[in-house]
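Here is what each chain is made of, one letter per residue.
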Amino acid sequence: SIWVTGVQTCALPIYLEIVIAIDAGRASALRAGDLDRLGHYANLAARFAEHATAQDDRVGLVIFADRPLAALAPGRGMATVMRIRQLLTATRVAQAESNPLNAALRIRSLVRQRSLIVMLTDLDDATVAGQLASAARLLLPKHLPLIAGLASPEAEGLRHAPARSWLDPYEALAAQEYCSRLERNVRALRALGAPALLARPDQLERAVFEAYVQFRLRRRV
């Protein structure tokens, strides 16, 4: 606390509290380029945690499927980064459907001050998308949830591919519906006030890092 003109006030923290939430449910086993989704999430989380702690921010971790599988309260420094890496290394795909609402409940119990929640998850599944909206409502407005998912380069390619056989138009229609559903889910989350993004596997890390930098610059957290 500090004193200003005889009145005691609380000094604002100069660091961010961050929780990275990783979806390890059944859908995280799907391939996305060279890795499955869980592999991309884990790699991004490890690098993001190291980068954020270098800014003196506090970083925690929640790994979830139908329920929270592991949780670590936000902490500082390389000791926290190493603990996060150990948890990520031990994580395997769970044979259960994901429930991000249960993850949001666990996150609320981990952090007391306003925090940035980076949730890496599937944005396609209709059931999960509904639960994501509920999770976002549970976290907002106290926390700022950034919900990030992987786009499919294969689906994007099929979406506009010229027809060369009788099957091609049907594949193109399926790809168009898949991509449109992803985009609708992103727009729905943003309409709630939850920043959401969709990126190809080779672009997801950059997109999340850029969002983090902008949140810091604009003091949104």
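Preceding this paragraph is the structure being described.
Residues numbered from 1 in each chain as written. Predicted model: local features only at pLDDT ≥ 70, side-chain atom pairs only at ≥ 80, totals over all residues. Heavy atoms only, no water.

**Re the sheet that holds strand β8 (residues 116-120)**
Now for step 1: Taken in spatial order, the six strands of this open sheet run β7-β6-β3-β8-β9-β10, and their pairing is mixed. Each having just a single partner strand, β7 (68-75) and β10 (196-199) make up the two edges of the open sheet. Neighbour-to-neighbour, the strand axes of this sheet turn through a mean angle of 15 degrees, independent of strand direction.
Now for step 2: As paired elements, strand β3 (residues 17-23) and β8 share five bridges and run parallel to each other. For Ile22, the partnering residue across the bridge sits in β8 and is Leu120.
Now for step 3: The strands that helix α7 (residues 204-217) touches are β3, β8, β9 (144-150) and β10; relative to β9, the one it contacts most, it runs at about 165 degrees. (Pairing = 2+ DSSP bridges. Helix = DSSP H or I, 4+ residues; strand = E, 2+ residues; numbered from the N terminus. Axes fitted to C-alpha atoms, helices over the stretch in contact; angles between N-to-C directions. Contact = heavy atoms within 4.5 Å.)

**Structural notes on the packing of helix α1 (residues 37-54) against helix α2 (residues 77-90)**
Helix-helix packing: each pair is described by the crossing angle between the helix axes and the interaxial distance.
Now for step 1: Where α1 meets α2, the closest approach of the two axes is 9 Å, and the angle between their N-to-C directions is 175 degrees. In terms of orientation, α1 lies roughly antiparallel with respect to α2. Side by side, α1 and α2 meet where Ala42, Ala45, Ala46, Ala49, Glu50 and Thr53 of the first sit next to Gly77, Val81, Ile84, Arg85 and Leu88 of the second.
Now for step 2: The class makeup of the residues in the contact of α1 with α2 is seven nonpolar, two polar and two charged. (Parallel < 35°, antiparallel > 145°, perpendicular 65-115°, else oblique. Nonpolar A, V, L, I, M, F, W, Y, C, P; charged D, E, K, R; others polar.)

**Points about the side chain of Thr53**
Now for step 1: Mapped onto the fold, Thr53 is located in helix α1.
Now for step 2: Once residues lying within four places of it in the same chain are set aside, the contact partners of Thr53 are Val59, Gly75, Gly77 and Val81.

**Quick word on unusual backbone geometry**
Now for step 1: The amide bond that connects Leu140 to the next residue, Pro141, takes the cis arrangement and shows omega of -5 degrees.
Now for step 2: Tracing the backbone through its elements, the reader meets Pro141 in the loop between α4 (126-139) and β9.
Now for step 3: With phi around 70 degrees, Asp56 is a residue other than glycine that occupies positive phi space.
Now for step 4: Examined against the element boundaries, Asp56 turns out to sit in the loop between α1 and β6 (58-64).
Now for step 5: Under the relative-accessibility criterion, Asp56 is labelled partly exposed at 37%. (Buried < 20%, exposed > 50% of the residue type's maximum accessible area, 1.4 Å probe, protein only.)

**Let's talk about the pairing of β8**
Now for step 1: Most of β8 sits inside the fold, with five of its five residues counted as buried.
Now for step 2: Residue alternation in β8 divides its side chains into two sets, Leu116, Val118 and Leu120 and Ile117 and Met119, and both sets are buried.
Now for step 3: Relative to β9, β8 runs parallel, the two being bridged by five bridges. By the bridge assignment for β9, Met119 is matched with Ile147.

Functional significance is not addressed by these values, which are geometric in nature.
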